[in-house]
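Secondary and tertiary structure notes
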Amino acid sequence: MNIEEFFELSAGKWFSHRTSHHLAFKQSEDGKSDILIESLAADHPEVIKLCEQYEIAPSKASCGARVTWNGTMEWDEEKHIGSTVLVTVPHENNPHEGKLLREMGYAEKAPVAGTYKMGSDGALTLLTEYETMSSEERLWFASPNLRMRVSVLKRFGGFSMASFTSEIRMGASAAKASETANSASS
């Protein structure tokens, strides 16, 4: 699987259940979210805008996605609502690795560029260095409608949080529905 196929397979509406382990406090916390992932073509205006923000030629982008979430975490009462655009910029000599541009970061709410690597097993690994911490995240599909994610946040040289997330697709995406219909009629 390449990065474009991973983003296409990720498109759709998902229910996300995350368990986060706050290592310093020796406590865990559950969170639930509804997530909408929309694939964006490499020439989409939002992809072009984000590339220009990072001073990268838009022609180097391979694909993008808009991710919107609405969720809650166990420890607080406030809703976690937001949206971000992601853009992949593959390395010239290795399209399975490259930069991942983010309109807004995961661990810190500011624009950030990290790296991605597509493994031969179809898993996507994201590495992001923030000002005060770093994150490593690994995502893979257990099936087309079940996506798994593990992440580790490191702060000041030590681990601060580890999380496991399962994401279940809510209804088949248009592409998957079409594939299912085509295979059923064969």
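Residues numbered from 1 in each chain as written. Predicted model: local features only at pLDDT ≥ 70, side-chain atom pairs only at ≥ 80, totals over all residues. Heavy atoms only, no water.

This paragraph deals with the nonpolar core. Membership of the largest hydrophobic core comes to 18 residues, with the highest contact counts inside it found for Ile3, Phe6, Phe7, Ile37, Leu124 and Leu126. Of all elements in the fold, only helix 1 (3-10), strand 2 (27-40), strand 3 (63-73), strand 6 (112-118), strand 7 (124-129) and strand 8 (133-143) reach the threshold of two or more residues within this core. Excluding residues that lie within four positions of it along the chain, Ile3 makes contacts with Ser62, Cys63, Thr88, Pro95, Tyr116, Met118 and Leu124. If you look at the next biggest cluster of nonpolar residues, it comprises ten residues, including Leu50, Cys51, Val87 and Leu101. (Core = buried A, V, L, I, M, F, W, Y, C linked by side-chain atoms within 4.5 Å. Buried < 20%, exposed > 50% of the residue type's maximum accessible area, 1.4 Å probe, protein only. Helix = DSSP H or I, 4+ residues; strand = E, 2+ residues; numbered from the N terminus. Contact = heavy atoms within 4.5 Å.)

Taken as a whole and judged by the stated rule, the model has eight salt bridges. A salt bridge links Arg149 to Glu137, with the shortest nitrogen-to-oxygen separation between them at 2.7 Å. Of this pair, Arg149 sits in strand 9 (residues 146-155) while Glu137 sits in strand 8; the two residues are twelve residues apart in sequence, bridging distant segments of the chain. Glu137 carries the same exposure label as Arg149, and that label is buried. A single network of salt bridges, built from pairs that share partners, joins Glu137, Arg147, Arg149 and Glu167. (Salt bridge = Lys/Arg side-chain N within 4 Å of Asp/Glu carboxyl O.)

A few words on the environment of Ala61. Within the secondary structure layout, Ala61 lies in the loop between helix 2 (45-53) and strand 3. Using a relative accessible area of 9% as the deciding quantity, one classes Ala61 as buried. When the C-alpha atoms of Ala61 and Ala41 are compared, they prove to be 9.1 Å apart, with 20 residues separating the residues in sequence.

Don't take any of this as a statement about function, it's just geometry.
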